[in-house]
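Listed here are the chains, written in short residue letters.
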Amino acid sequence: MKIRPFLWLSAIILSWHSSAQITYTSDGSGNFRSITWTPSTPSPPIDFDAISNDNFIIQDGHAVTLASNITVNSLQIGQGTSGSLTFGDGTVATNLTTGTLTVQSNANISVNSAAFTHSLSVSGDFAAQGTVDLVNASGVVNTTLNNSTIIVLSGSGTTNFHNLTVDGGGNV
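Residues numbered from 1 in each chain as written. Predicted model: local features only at pLDDT ≥ 70, side-chain atom pairs only at ≥ 80, totals over all residues. Heavy atoms only, no water.

(A) The arrangement of the overall build of the protein chain in detail. For the protein chain, the count of helices and strands is one helix and 17 strands. Put simply, the protein chain has 172 residues, and 37% of those count as buried. Put simply, of all contacts in the protein chain between residues at least 6 apart along the chain, 53% involve residues at least 24 apart. Carbon together with sulfur atoms contributes 52% to the accessible area of the protein chain, which is approximately 8800 Å² in total. (Helix = DSSP H or I, 4+ residues; strand = E, 2+ residues; numbered from the N terminus. Buried < 20%, exposed > 50% of the residue type's maximum accessible area, 1.4 Å probe, protein only. Contact = heavy atoms within 4.5 Å. Areas by Shrake-Rupley, 256 points an atom, 1.4 Å probe, with all protein chains shown as cover.)

(B) Region of the structure containing the environment of N112. For N112, the position within the fold is in the loop between strand 9 (108-111) and strand 10 (117-122). Exposure remark for N112: the relative accessible area of 23% places this residue in the partly exposed category. Residues N112 and L66, 46 residues apart in the sequence, show an inter-C-alpha distance of 9.8 Å. A polar contact is formed between the side chain of N112 and the backbone nitrogen of A114, at a distance of 2.7 Å. (Polar contact = N/O pair within 3.5 Å; in protein donor to acceptor, adjacent residues only side chain to side chain.)

(C) Structural detail: the sheet that holds strand 5 (residues 63-66). Strand order in this open sheet of six strands is 2-5-7-9-12-16, and the pairing throughout is parallel. With partners counted over all chains shown, the strands left at the sheet margins are strand 2 (30-31) and strand 16 (159-160), one partner each. In terms of strand pairing, strand 7 (residues 84-87) meets strand 9 through four bridges, oriented parallel. From the neighbouring strand, T86 faces strand 9, where its bridge partner is S110. (Pairing = 2+ DSSP bridges.)

(D) Here's a closer look at the side chain of N55. For N55, the position within the fold is in strand 4 (residues 55-58). Look at N55 and you get buried, because its relative accessible area is 12%. Within the structure, the side chain of N55 is placed 3.3 Å from the side chain of T23, a separation counted as a polar contact. Non-local contacts of N55, meaning those with residues more than four positions away in its chain, are made with Q21, I22, T23, Y24, N73 and S74.

(E) Here's a closer look at a nonpolar patch on the surface. Nonpolar side chains collect at one region of the surface, where L153, L164 and V166 lie side by side and expose about 220 Å² of accessible area between them. Assignment of secondary structure puts L164 in strand 17 (residues 163-167). In this structure L164 comes out as partly exposed when scored by relative accessible area, which is 37%. (Patch = residues over 30% accessible without salt bridge, like charges linked within 9 Å, V, L, I, M, F, W, Y side chains within 5 Å. Salt bridge = Lys/Arg side-chain N within 4 Å of Asp/Glu carboxyl O.)

(F) Structural detail: the pairing of strand 1 (residues 23-26). Every second residue of strand 1 is oriented toward a common face, the buried set being Y24 and S26 and the non-buried set T23 and T25. Taken together, the three bridges between strand 1 and strand 4 define a ladder with parallel strand orientation. Each bridged residue has a counterpart across the sheet, and for Y24 the counterpart in strand 4 is F56. Pairing of strand 1 with strand 3 (residues 37-38) involves two bridges; the strand directions are antiparallel. Its bridge partner lying in strand 3, S26 is registered against W37.

(G) Structural context of the side chain of S110. Within the secondary structure layout, S110 lies in strand 9. Look past the residues within four positions of S110 in its chain and what remains in contact with it is L85, T86, F87, D133 and L134.

(H) Molecular detail of unusual backbone geometry. The peptide bond linking T38 to P39 adopts the cis configuration, its omega dihedral lying at 20°. With respect to the secondary-structure elements, P39 resides in the loop between strand 3 and strand 4. Positive phi values are uncommon outside glycine, yet N106 reaches one of about 70°. In this fold, N106 is placed in the loop between strand 8 (95-103) and strand 9. Residue classification places N106 among the exposed positions, given a relative accessible area of 56%. Positive phi, close to 55°, is recorded for A137, a residue that is not glycine. Tracing the sequence through the fold places A137 in the loop between strand 13 (135-136) and strand 14 (139-146).

Everything listed here is a matter of geometry and, on its own, says nothing about what the molecule does.
Structure follows, in structure tokens:
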């Protein structure tokens, strides 16, 4: 009988830990799924199918390519000096789903020129202090802002959307 309270407490602690939000920062340039992210990789590796509650920061000087579908809680590109995210590696269309997207000053988000239509879905705020260029020759990114309350699209950076949809009944 004394074991039951211990097992119950252990189950509560494990469930809390598994749902804890983690903030990862890039440790270099490359494919989103294969570069090293601090604090977690290389051991234990990030489960990219279970990161929808986590936050990611692409550090200054790092160029990250989105070559597969990713869903995250928030994504920050750059820290005020540089940093970039490019949709597609020229081989497949990709989808980025995030709660909040921040493109810091002097950072950029762009698309590979290969003939693919990618998608970006933002359910929270979209702050663009840097460059957002989602049209490049044949490569484009369709963007959807979907929030049921208020959608904030802000910033002083340059923005170039291919197809921008505001969905969900919120106010912009």
